[in-house]
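Understanding the architecture of this molecule
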Amino acid sequence: MSEQTRFRACPLCEAICGLELRYVAGELSAIRGDANDPFSRGHICPKGNALIDLERDPDRLRRPLRRRGGDWEEVSWEDAIAEAGERLAAVQRAHGEDALGVYLGNPNVHHFGSIAYLPPLLRALRTRNRFSASSVDQWPHQLVNLVMYGHQWLLPIPDIDRTNYCLMLGANPVASNGSLMTAPGIEKRLKALAARGRLVVVDPRRSETAAIASEHLAIRPGGDVWFLLALLHAMLAISPPRVDAYAGRLAGLDAALQAIAAVDLADLQARCGIGPDTVQRIARAFLAAPRAVAYGRMGVSTQRHGSLCQWLIQLINLVSGNLDRVGGALPNQPIVPVTGPGTSPGSRGRWHSRVRGLPELCGELPVAALAEEIATPGPGQIRALLTSAGNPVLSTPNGRALEAALAGLDFMVSIDPYLNETTRHAQLILPPASALTQYHYDVYFNAFAVRRVARLSLPLAERAAEQRGDWEILSGLGAAHAAAAGKPWTPLPPPRELLAHWLNAGGSGIDIAALEAAPHGIDLGPLEPSLLRRLQTEDRCIQCAPPLLLEALAALRAEPVEPGGLRLIGRRHVRSNNSWMHNAPRLVKGKPRHHLLVHPADLAATGIADGARAQLRSVSGAIAVDVMASEDVGPGTVCLPHGFGHGREGVRLSRAAELEGASYNDLGDPLALDGPSGNAALNGLRVSLERLA
Ligand SMILES: Nc1nc2c(c(=O)[nH]1)N[C@H]1C(S)=C(S)[C@@H](COP(=O)(O)OP(=O)(O)OC[C@H]3O[C@@H](n4cnc5c(=O)[nH]c(N)nc54)[C@H](O)[C@@H]3O)O[C@H]1N2
Ligand SMILES: Nc1nc2c(c(=O)[nH]1)N[C@H]1C(S)=C(S)[C@@H](COP(=O)(O)OP(=O)(O)OC[C@H]3O[C@@H](n4cnc5c(=O)[nH]c(N)nc54)[C@H](O)[C@@H]3O)O[C@H]1N2
Ligand code: SF4
Ligand SMILES: [Mo]
């Protein structure tokens, strides 16, 4: 039997590990980490291995499906794509361009076929009703980058391998493998940091990352903004801002610091669960460290004050002199640029959502408003929906309301390999071929990496004749829609040609041949300061006091101390991938992982036994949960993973559907938003826990 070893980057998460894949007689038989990848150095996690499960999954769709009454029939690609294009165009012809909604999910950013071929399709569709997973994730980062540095992707990244002190808020990279900090094998990197300096983790739960940290600060969910304000107060009491390196390039620093100094922090302990002594100790240590960095991720973005938190984190790095500094936070300079000429700096408020009047951010509307835009009649109502690589029913707030809305659409088409909680509402499902059959280059994750790296992934196997890559589906849909709408359509060249062009335009001198000759990837060295010269603000200065954020800060000052009661937060497990990999046998074996963690004192107060089934209720509804006593969460905090709840009718996920566990986001409150950005406040949800009879 012929055996072959092939290499590519893992398409499953931000860590972009190099993989070594073994094929026997053309079949993928084993996967391990690519020891020769200079960046990931052989790291692999259970998800990487589960690519085999995805390849073999009998539930994975291989041909387009068309809904027929309560059932599905296979149709040809030609018919499916032509029909999708025609029906999308027909809805727009009858009801206007905005009657078409688009939702883009997270995996799009893991496939060059989507990264490159979605933008021209979206331009051709001309709808303002565009939504994506960005607004349940990193919008506060994009907003703060935009208003402070002038570009949504001028993103300072923690220089995790060279810092001596990392203050990490709302991130659990030991489980999630890092995000907006691409750092494969992060656990090793963090252990090395804790050995040479300090890693302080701020998290309501003693997470897997907190467990290996030098110190864990158990913050009250949603209390970060108060903690960060207090930290800035304490830092400025110790030392004037160390901003010599930014001379002449700072706008509004005094105004920002005055506004921050004016905030009354008398209730600090009650607001965030951390007292002034601890804050002062952290401030001293942060300032005393030779190089230090504050980093906040998902857990601080997906809460009510996500944008304020991300702004304060930038200011902490700035006033301590660690912004754009080796060992602090500094942007990457990828060979395919995502900032600078020819890229979209981002925008806010160019249009507003129809029902609630929420401002556009970077060309999209908050997905928390998607259900109401479909369900509320009137001019501009969404009547048709295109989804690509998204599962908003499980991943966005109030999934029950969204699925009811989806059921009322005139037409829906989903580009997705599964018939799942979301795509079951479509009339057509267009399943892309395996990523392993496609060209790939990580345009975004190379740009967010903690080193300058580049790696091209070649197709490892040919796609079967009856399959289509993401890029072919997107291109085909563009052509079909244009034909039906009577508009011109200029297709992009195929991926290799397009990427070659992008590389040349990037001007790094590294061309596609150089990448093809380096199957394990190329290391271009550590990060270097570049933020100051790359600022894209009008005056080329860092905007320390963006009016939008000062307004939000003023509003915060009027907020009373929040009442007691239970607050719900999420968690990720190393064997999960948002909502969509629970069908992979090797990710669901072992003990169940869907439990609601509750502090024993809260269990005692509610009279619920450890292990019992209980009802968890929010303003949006109630779900049944299996509780587990845990001292990893403090009293008042309960913790549930998202991405469960597969047991919905008509879902074709045989293994996932058997799993216990309801969907966190059935409880999600679509009105709970981070104000400045419109990002959903998924964490810190007010809930109550009740005994079940
Ligand atoms: N409560 C709570 N909710 C959350 C989060 C949380 O922490 N707590 N996390 C949020 C975050 S960070 C994110 S990014 C979002 C994710 O939100 P989504 O991206 O909407 O959801 P996913 O669960 O990632 O679903 C991905 C979909 O893509 C499909 N897919 C997989 N591979 C491919 C492919 O190659 N091509 C195509 N076309 N489709 C593919 C899968 O079948 C699935 O339907 O969820 C958010 N929701
Ligand atoms: N195994 C696995 N890996 C993944 C994913 C996955 O689903 N599974 N998803 C991928 C995606 S799309 C993303 S965006 C990244 C996310 O990666 P991370 O940004 O690291 O997000 P999480 O792992 O969810 O960790 C968020 C932490 O925030 C904490 N938290 C919740 N509320 C608060 C709060 O109010 N304040 C503070 N300080 N902390 C809070 C939670 O307890 C949790 O430990 O992971 C990626 N990698
Ligand atoms: S850490 Fe992420 S990139 Fe690496 S193997 Fe696991 S899923 Fe793939
Ligand atoms: Mo995400």
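This is a predicted model, so every value here is computed, not measured.

**Here's the deal with the pattern of salt bridges**
Counting across every chain of the model gives 38 salt bridges. Across the salt bridge formed by Asp37 and Arg455, the nearest N and O atoms sit 2.6 Å from each other. Residue Asp37 is found in the loop between β3 (27-33) and α1 (46-49), and its partner Arg455 is found in the loop between β21 (451-454) and β22 (456-457); the two are separated by 418 residues along the sequence. No difference in accessibility class separates Asp37 from Arg455, as the two residues are buried. Taking the shortest distance from any N to any O, the salt bridge between Arg586 and Asp53 comes out at 3.0 Å. Linking Arg586 in helix α24 (residues 585-588) with Asp53 in helix α2 (residues 51-56), this pair joins segments that are 533 residues apart in sequence. Each of the salt bridges in this network shares a partner with another, and the network as a whole consists of Arg66, Arg68, Glu73, Glu83 and Arg87.

**Digging into the side chain of Ser663**
Inspection of the secondary structure puts Ser663 in the loop between β29 (637-639) and β30 (685-691). With relative accessibility at 1%, the residue Ser663 sits in the buried group. Not counting residues up to four positions away in its chain, the partners in contact with Ser663 are Leu394, Ile623, Phe644, Gly645 and Arg648.

**Quick notes on the site of ligand 3**
The immediate surroundings of ligand 3 are formed by Cys10, Leu12, Cys13, Ala15, Ile16, Cys17, Ile44, Cys45, Lys47, Gly48 and Asn177. Split into classes, the residues belonging to the shell around ligand 3 amount to eight nonpolar, two polar and one charged.

**Re the site of ligand 2**
Taken together, 32 residues lie near ligand 2, and Asp203, Asp224, His573, Ser576 and Asn578 sit nearest. Within the backbone of Ala175, one N or O atom sits 3.2 Å away from a nitrogen atom of ligand 2. Expressed as a share of its isolated accessible area of 920 Å², the protein-covered part of ligand 2 is 98%. Of all elements in the fold, only α6 (173-176) and α13 (298-301) reach the threshold of two or more residues within the shell around ligand 2. It is α6 that contributes the most residues to the shell around ligand 2, three residues altogether. Each of domain 3 (139-335 + 534-557) and domain 4 (566-691) gives at least three residues to the shell around ligand 2.

**Comments concerning empty space enclosed by the protein**
One water molecule sets the probe size; rolling that probe over the atoms shows where empty space is left. Taken as a whole and assessed by the stated rule, the structure comprises five cavities of 30 Å³ or more. In this model, the largest cavity occupies a volume close to 130 Å³. Around the largest cavity, the lining is made up of 17 residues, and of these His141, Leu155, Pro156, Gln310 and Gln314 lie nearest the centre. Listing elements by their share of the lining of the largest cavity, those giving two or more residues are α5 (139-149), β8 (157-158), β13 (292-296) and α14 (306-319). Taken together, the residues of the lining of the largest cavity sort by class into eleven nonpolar, six polar and no charged. Each pocket or cavity is described by its volume, and for the second largest cavity that value is around 100 Å³. Taken together, 13 residues make up the lining of the second largest cavity; nearest its centre are Asp37, Phe39, Val453, Ala454 and Arg455. Looking at side-chain class alone, the lining of the second largest cavity contains seven nonpolar, three polar and three charged residues. In this structure, the lining of the second largest cavity is formed jointly by two domains, domain 1 (3-56) and domain 2 (65-100 + 111-127 + 382-391 + 401-447 + 456-462 + 470-520), each of which donates at least three residues.

Basis of the calculations
- Residues numbered from 1 in each chain as written.
- Chains lettered and ligands numbered in written order.
- Predicted model: local features only at pLDDT ≥ 70, side-chain atom pairs only at ≥ 80, totals over all residues.
- Heavy atoms only, no water.
- Salt bridge = Lys/Arg side-chain N within 4 Å of Asp/Glu carboxyl O.
- Helix = DSSP H or I, 4+ residues; strand = E, 2+ residues; numbered from the N terminus.
- Buried < 20%, exposed > 50% of the residue type's maximum accessible area, 1.4 Å probe, protein only.
- Contact = heavy atoms within 4.5 Å.
- Near = heavy atom within 4 Å.
- Nonpolar A, V, L, I, M, F, W, Y, C, P; charged D, E, K, R; others polar.
- Polar contact = N/O pair within 3.5 Å; in protein donor to acceptor, adjacent residues only side chain to side chain.
- Areas by Shrake-Rupley, 256 points an atom, 1.4 Å probe, with all protein chains shown as cover.
- Domains from an automatic or database assignment.
- 1 Å grid on protein atoms, 1.4 Å probe; cavity = no way out; pocket = protein on both sides within 12 Å on 5 of 7 lines; lining within 4 Å.
- Points joined across faces, edges and corners; volume = space filled by probe spheres on them.

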